[in-house]
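Listed below are the residues making up each chain.
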Amino acid sequence: MSFGPVSKDAVNEGSRSEVRVRLLLFASYAEALGRTEMPVDLPTGSSVADVLARLRQDPAAGRLPPSPLVAVNQRYAKPDTLLRDGDEVALIPPVAGG
Amino acid sequence: MAGYLTHTPIDVTALLASVAADGCGASVLFLGTVRRSAEDGDVTAIEYSAYADMAKAEFDRIVNEAAGRWPGARIALRHRLGLIPLGEASIAIAVACPHRAEAYDVSRYIIEETKKRVPIWKKERHDSGEERWVKPAERVHPVSPPSAARA
């Protein structure tokens, strides 16, 4: 083990205080925002509510309802659900299957 | 039980055959079909789309819940996606049980939970060429993590 590269990696590792999630949009929400998928970078410890807040920085997000349903990794989640790096976060428009 | 989603017409005979068993004296087949109605206007077809990975997972959870609640029930279902013309089935649910009471109950449970929870959407196409996302009937905030989430 050499100190040079190891310590450099350690610095990079330590400075990466973010989680990147994959945000998926469907149906009417995808149409409203003009896209189906986007990466979102957030500070560690962020929740579903933080993703929504970030999304609302996009003016087109004004067409979303105040509190849309959200799924994390294919399961319905709550606004305070915490997110981890690599999570798949989906906004779920009112479902109409069957 | 795999293969919940399909882009082709549903073979209901095969679906029913897949749940048949010697110990089952009752089979129930539910079909949901694309309809024309006064409130919907001149619908000619409906385009169904899904969050496929989650729809499969949610169908799995619903079927597992039903299997836990009604042991011995045999269940198969298909939901069709894409453009479905008037009169054709968007969903088929086949249930076989020893007796009819539970077969009806299981069938009803699966369609009701599907309508509440499975991430599938539909867009109506009208004679005029207009397209419109279908909003489900007003409901109380429908979805919380299904019971499987606590397991």
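Residues numbered from 1 in each chain as written. Chains lettered and ligands numbered in written order. Predicted model: local features only at pLDDT ≥ 70, side-chain atom pairs only at ≥ 80, totals over all residues.

(A) Spatial organisation of the overall build of chain B. Looking only at helices and strands, chain B has 3 helices and 8 strands in total. For chain B, the N- to C-terminal ordering of α and β elements is β-α-β-β-α-β-β-β-α-β-β. Going through the 151 residues of chain B one by one, you find that 30% of them count as buried. Restricting to contacts in chain B with at least 6 residues of sequence separation, those with at least 24 account for 76%. (Helix = DSSP H or I, 4+ residues; strand = E, 2+ residues; numbered from the N terminus. Buried ≥ 20, exposed ≤ 12 C-beta atoms within 10 Å, placed from the backbone. Contact = placed C-beta atoms within 7 Å.)

(B) Geometry of the overall build of chain A. Along the backbone of chain A there are 3 helices and 5 strands. Going from N to C terminus, chain A has its helices and strands arranged as α-β-α-β-α-β-β-β. Within chain A, the fraction of its 98 residues that count as buried is 26%. Pairs at least 24 apart in sequence give 57% of the contacts found in chain A among residues at least 6 apart.

(C) Seen up close, the interface of chain A and chain B. Across the contact, 17 residues belong to chain A and 26 residues belong to chain B. Residue assignment for the side of chain A that touches chain B shows that the elements contributing at least two residues are helix H2 (27–33), strand S3 (69–72), strand S4 (75–77) and strand S5 (88–92) of chain A.

(D) Fine view of unusual backbone geometry. All names here are of chain A. Backbone geometry at alanine 27 places phi at a positive 50 degrees, although glycine is not the residue there. Structurally, the position occupied by alanine 27 is in helix H2. Taking the C-beta count within 10 Å as the criterion, alanine 27 has 24 such neighbours and is therefore assigned buried. Phi angles above zero are rare outside glycine, and glutamine 74 is one such case at about 65 degrees.

(E) Layout of the sheet that holds strand S4 (residues 74–80) of chain B. Residue and element names in this part refer to chain B. Taking strand neighbours across the sheet as the criterion, the 4 strands line up as S1-S4-S6-S2 in an open arrangement whose pairing is mixed. Strands with a single pairing partner mark the edges of an open sheet, and in this sheet they are strand S1 (5–6) and strand S2 (26–33). In this structure, S1 lies alongside S4, joined through 2 bridges in parallel fashion. From the neighbouring strand, threonine 6 faces S4, where its bridge partner is arginine 80. Sheet strands touched by helix H1 (residues 12–19): S2, S4 and strand S6 (89–97). Its angle to S6, the strand with the most contacts, is close to 25 degrees. Sitting on the sheet, helix H2 (residues 52–69) touches S1 and S4, and the angle it makes with S4 is about 155 degrees. (Pairing = 2+ DSSP bridges. Axes fitted to C-alpha atoms, helices over the stretch in contact; angles between N-to-C directions.)

(F) Quick peek at the environment of alanine 14 of chain B. Examined against the element boundaries, alanine 14 of chain B turns out to sit in helix H1. Taking the C-alpha atoms as reference points, alanine 14 of chain B and arginine 125 of chain B, 111 residues apart in sequence, are found 30 Å from one another.

(G) Representation of the pairing of strand S3 (residues 43–50) of chain B. Residue and element names in this part refer to chain B. Note: S3 against strand S7 (residues 120–126), 7 bridges, orientation antiparallel. For alanine 45, the partnering residue across the bridge sits in S7 and is arginine 125. Two elements, S3 and strand S5 (residues 82–85), share 4 bridges in a ladder whose sense is antiparallel. In the strand pairing of S5, isoleucine 46 is matched with isoleucine 84.

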